[in-house]
Amino acid sequence: MTLRNKALINSAGSLVLFLGQWVISVIIVRITGYGDAGIFSLAMSISNVFCFIANYNIRNYQISDVNNEFTQKQYLLSRITTIGISIIACAVYLLFKSSYSFVEKIAIALYLLYSNINVFSDTMMGSLQKQDRLEINGYSNILRGVLCCGIFIVVHILSKNILLSLLIMTMTTLFTTFLYDWRYYRKSVILEAYEGKNIYAIASILKKCFPLMVSTIFPVITTAIPRSTIHKIFGEETLGYFSSIFTPTAIIVTLAPALILSFVPKISDEWNKLNLLSLGKLIALCYGICAAFTVVSEVAALLAGRPVMTLVFGESILPYYNLLYWAIAATGVNAFTSCGNAILIAMRKRKTVAIASLISTAFAFFLSNILIKNNGIYGAAYLLLIAYGVHALIQIVVIVFSFYTAKRKKGNLSLDS
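Residues numbered from 1 in each chain as written. Predicted model: local features only at pLDDT ≥ 70, side-chain atom pairs only at ≥ 80, totals over all residues. Heavy atoms only, no water.

Visitor: Sorry if this is basic, but what is going on with the overall build of the chain here?
Guide: Within the chain, the secondary structure is distributed over 15 helices and zero strands. Its C-alpha radius of gyration of 22 Å places the chain within 12% of the 22 Å reference for a compact globule of 417 residues. A separation of at least 24 residues holds for 82% of the contacts in the chain among residues at least 6 apart in sequence. As displayed, the chain has an accessible area near 19,300 Å², and 68% of this comes from carbon and sulfur atoms. Of note, the chain has its 33 positive side-chain charges centred 5 Å away from the centre of its 17 negative side-chain charges. (Helix = DSSP H or I, 4+ residues; strand = E, 2+ residues; numbered from the N terminus. Rg over C-alpha atoms; globule rule 2.2 N^0.38 Å. Contact = heavy atoms within 4.5 Å. Areas by Shrake-Rupley, 256 points an atom, 1.4 Å probe, with all protein chains shown as cover. Lys, Arg positive; Asp, Glu negative; His and termini not counted. Charge placed at Lys NZ, Arg CZ, Asp CG, Glu CD.)

Visitor: Before we go on, may I ask you to explain the side chain of Lys208 in this structure?
Guide: As for its position among the elements, Lys208 is in helix 8 (residues 197-234). In terms of polar contacts, Lys208 uses its side chain to reach the side chain of Glu69, at 3.4 Å. Contacts of Lys208, omitting those with residues within four sequence positions, involve Tyr61, Glu69, Phe70 and Arg350. (Polar contact = N/O pair within 3.5 Å; in protein donor to acceptor, adjacent residues only side chain to side chain.)

Visitor: Before we go on, may I ask you to explain the pattern of salt bridges in this structure?
Guide: When the charged atoms of two side chains with opposite charge come close together, those side chains can pair. All told, the structure shown has eight salt bridges when counted by the stated rule. Arg59 serves as the salt-bridge partner of Asp122, at 2.5 Å between the closest nitrogen and oxygen. Within this pair, whereas Asp122 is found in helix 5 (residues 102-130), its partner Arg59 is found in helix 3 (residues 58-63), the two being separated by 63 residues in sequence. Of the charged contacts in the structure, one is a salt bridge between Glu135 and Arg133, with a shortest N-O distance of 2.8 Å. Judged by its relative accessible area of 30%, Arg133 is partly exposed. Sharing partners across several salt bridges, the network here consists of Arg59, Arg79 and Asp122. (Salt bridge = Lys/Arg side-chain N within 4 Å of Asp/Glu carboxyl O. Buried < 20%, exposed > 50% of the residue type's maximum accessible area, 1.4 Å probe, protein only.)

Visitor: I keep staring at the confidence of the model for the chain and nothing clicks. Help me out?
Guide: Low pLDDT marks regions whose predicted coordinates should not be analysed in detail. For the chain, the average pLDDT comes to 87, and 96% of its residues sit at 70 or higher. Mean pLDDT in the chain bottoms out at helix 9 (residues 236-246), which sits at 78, and peaks at helix 6 (residues 134-159), which reaches 93. (pLDDT = per-residue confidence, 0-100.)

Visitor: Teacher, can you tell me more about the packing of aromatic side chains here?
Guide: When we look at a pair of aromatic rings, we describe it by the centre distance and by the angle of the planes. Applying the stated criterion across every chain yields a total of 16 aromatic pairs. Note on Tyr111 and Tyr114: the rings are 5.3 Å apart at their centroids and 55° apart in plane angle, and the pair reads as tilted. With Tyr111 and Tyr114 both in helix 5, this residue pair falls three residues apart, about one helical turn. The residues Tyr111 and Tyr114 share a single accessibility class, namely buried. Each residue in the set Phe40, Tyr111, Tyr114 and Phe152 is aromatic and connected to the rest through ring pairs, giving one cluster. Above the plane of the ring of Tyr61 lies Arg348, whose end atom (NZ or CZ) is 3.8 Å from the centre. (Phe/Tyr/Trp six-rings, centres within 6.5 Å; stacked < 30°, edge-to-face > 60°. Lys NZ or Arg CZ within 6 Å of the ring centre and 35° of its normal.)

Visitor: For this particular structure, what's the right way to read unusual backbone geometry?
Guide: Most peptide bonds adopt trans geometry, and most residues besides glycine take a negative phi value. Within the chain, Asn68 stands out as a residue other than glycine whose phi angle is a positive 55°. Position of Asn68 among the secondary structure elements: in the loop between helix 3 and helix 4 (72-96). Non-glycine residue Asp132 carries a positive phi angle of around 65°. Within the element layout of this structure, Asp132 appears in the loop between helix 5 and helix 6. Asp132 gets classed as partly exposed once you look at its relative accessible area, which sits at 47%.

Visitor: I would appreciate a short explanation of the nonpolar core in the present structure.
Guide: One broad trend across soluble globular proteins is that nonpolar side chains are buried collectively. Phe242, Ile267 and Ile343 are the most contacted members of the largest nonpolar core, which totals 64 residues. Residue contributions to this core peak at twelve residues, all from helix 13 (residues 323-346). By size, the runner-up hydrophobic cluster in this structure holds 39 residues, among which are Cys90, Leu112, Val119 and Ile162. (Core = buried A, V, L, I, M, F, W, Y, C linked by side-chain atoms within 4.5 Å.)

Visitor: I'm lost on helix 11 (residues 264-272) in this one. Help?
Guide: Three or more residues of helix 11 are buried, namely Val264, Pro265, Ile267, Ser268, Glu270 and Trp271. Leu274 lies just past helix 11 and shows a positive phi near 60°.

In structure tokens form, the structure reads like this:
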């Protein structure tokens, strides 16, 4: 199977997994109303914060480790460590968060467990990708997305109990992980016996990936800043319209990075070998993928967006429809930043990844009130476009400069030989 087909299967899996959770959030309203939908949304939002700790952005570092700096078992043990930390942190948070009801706290805990099982699977999929088996990641996500969504809906229709539905969904992803993912993982990856040095390796992985983990937190803050400002100035209803308009654009930042992920090992290999021509073509391809998704989304919004948005959200969304074009543009540039992160991680520019994210968030923080007060919810879209644009520009400058220095280094090596 070609790399192109494997990348497409992987992207299809990411789309199915994303759509599965989106369908659940919509169907809950039809089955038991907005109360359970609110609990589900709260569980997703809060658990995702702690899931960033579990994820720790290890996957990109893992698949770009072409020199095998660490073993696959050490990457797996590192993920188990970060998962444990995220669970403890969430437990402490829920213990002292008195404003949440018992049901809400259990829902958050269950959704975090569901997410962390997927994070555990992600490490195994990273190892399989290094074995040139990326398509298994796609098949796993398709299986996981369909089963979890279908079983959740069936259980919720029968029981009308949000906690039972979340529990069964979590058990479903657990069974999928160990009956499908683990089976392929054990067949393809040799797990070394436990050694004391694994402890030092885990500490080293966590240290090296810390800037990458930080870089995933800042974009969440960047996204939250304009939403918080809209809520403060215009209220919940306006924020609801803004969030609804941005919802379909999440497909761009789901599919584009999934495709780019397949090229990361090759980018890292070409960078290490200083094959700059091949590397340049790969980087151009990655940015081209992001641009293509953005353009196609804008055309789709122009041709068929209004009837689709009316069907999903009702006619009340139409006065804000033109915001969708700006939302797609901002999200498209956000996909460019995901592309830049992947390239910089492959180049081992870890600090740059974190610094660029921090600067982007700083722009969002300082411009938020000004743009939104003067331009309403359109100002929030302008804000995100500027913040993501600054982020992407910094990445591109560093990548170009890295090319320049690598070209000089290659020239010096040629002269020496």
